[in-house]
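Notes for the structure review
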Amino acid sequence: MDAWFDPIMSFAGSPWAYLIVFLTALLDAMLPILPSESSLIACGVFATVTGWSPNLFLLILAGAIGAFLGDNITYAIGRWAEPFANRHMLNGERGRRARKQAERWLAERGGAMIVVGRYIPGGRTAISLVAGMVEYPIARFRVFTAIAGLTWAIYGVMLGFWGGTAFKDSPIKGIGAGLATAAVIAALVEVVRRVLAARNRRRRRRAGDDGDGRPDDDAPEELEPHTARTRPVDPPAR
């Protein structure tokens, strides 16, 4: 192993590694530019190469707690910003339609969106903010973010474990392999999401729904009972 890499390995084996994993997972929910997944993968590689220091289970715990708290803080920010969004962003016809659409999507498949969104860069931030703005039930949100945070932390650390096992003599290659695999998986998740979204749009169009909860413009409107009757003609005056 290169001499310059030794200090990094020492740092990864210290308690600071858990703090870094926790903080990046916490803040990444609000600032998607932070490398939370990379820190999990890197520490997983170091743990495998250095003889289980840091501890994999503690890494998973730190990442899961950080992700859970970060998602719920982002949800709270969405709730706090709801009045501003309603006045300035969702006050027009298009804004109201967008809110109704978001409410419908979360009501129909909110759990899947929250869990899958955690694996998409930026997806977790957007979904948590929108869930707060449309007042998605907080108890349900916490359940799904707990599931998402735990599975995501296990996923990241196990990618690092795989990279460290495959490249025991070169931790840098192990980190690179883990990050590349994570990128491929994220791309596949996004492709599947887009395919499913396109299929749902086609299904709604066939059902006469344009995707925002309103019937298509081409669909015939049903007449109200009072408009369906014709007005009686008064008899001619004698």
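Residues numbered from 1 in each chain as written. Predicted model: local features only at pLDDT ≥ 70, side-chain atom pairs only at ≥ 80, totals over all residues. Heavy atoms only, no water.

Evaluated as defined, the whole model comprises three salt bridges. Across the pair Arg 124 and Asp 28 runs a salt bridge whose closest N-O atoms are separated by 2.4 Å. Placement of the pair is Arg 124 in helix α6 (residues 123–133) and Asp 28 in helix α2 (residues 16–28), with a sequence separation of 96 residues. Between Arg 118 and Asp 71 there is a salt bridge, with its nearest N and O atoms 2.9 Å apart. Linking Arg 118 in the loop between α5 (93–117) and α6 with Asp 71 in helix α4 (residues 56–88), this pair joins segments that are 47 residues apart in sequence. The class for Arg 118 is buried, based on a relative accessible area of 0%. Since its relative accessible area comes to 3%, Asp 71 is described here as buried. (Salt bridge = Lys/Arg side-chain N within 4 Å of Asp/Glu carboxyl O. Helix = DSSP H or I, 4+ residues; strand = E, 2+ residues; numbered from the N terminus. Buried < 20%, exposed > 50% of the residue type's maximum accessible area, 1.4 Å probe, protein only.)

What follows concerns the layout of surface pockets. The calculated volume of the second largest pocket comes to roughly 200 Å³. Lining of the second largest pocket is provided by 15 residues; of these, Leu 34, Glu 37, Ser 38, Pro 121 and Arg 124 occupy positions nearest its centre. Those elements giving two or more residues to the lining of the second largest pocket turn out to be α3 (36–49) and α8 (171–206). If one sorts the elements of the lining of the second largest pocket by residue count, α8 sits on top with four residues. Considering only residue class, the lining of the second largest pocket consists of nine nonpolar, three polar and three charged. (1 Å grid on protein atoms, 1.4 Å probe; cavity = no way out; pocket = protein on both sides within 12 Å on 5 of 7 lines; lining within 4 Å. Points joined across faces, edges and corners; volume = space filled by probe spheres on them. Nonpolar A, V, L, I, M, F, W, Y, C, P; charged D, E, K, R; others polar.)

With the rule as written, the count across this model stands at one cavity of 30 Å³ or more. Approximately 30 Å³ is the volume attributed to the largest cavity. Every residue lining the largest cavity is listed: Asp 71, Met 113, Ile 114, Gly 117, Arg 118, Arg 124, Ile 127, Ser 128 and Thr 145. Elements that contribute at least two residues to the lining of the largest cavity include exactly α5 and α6.

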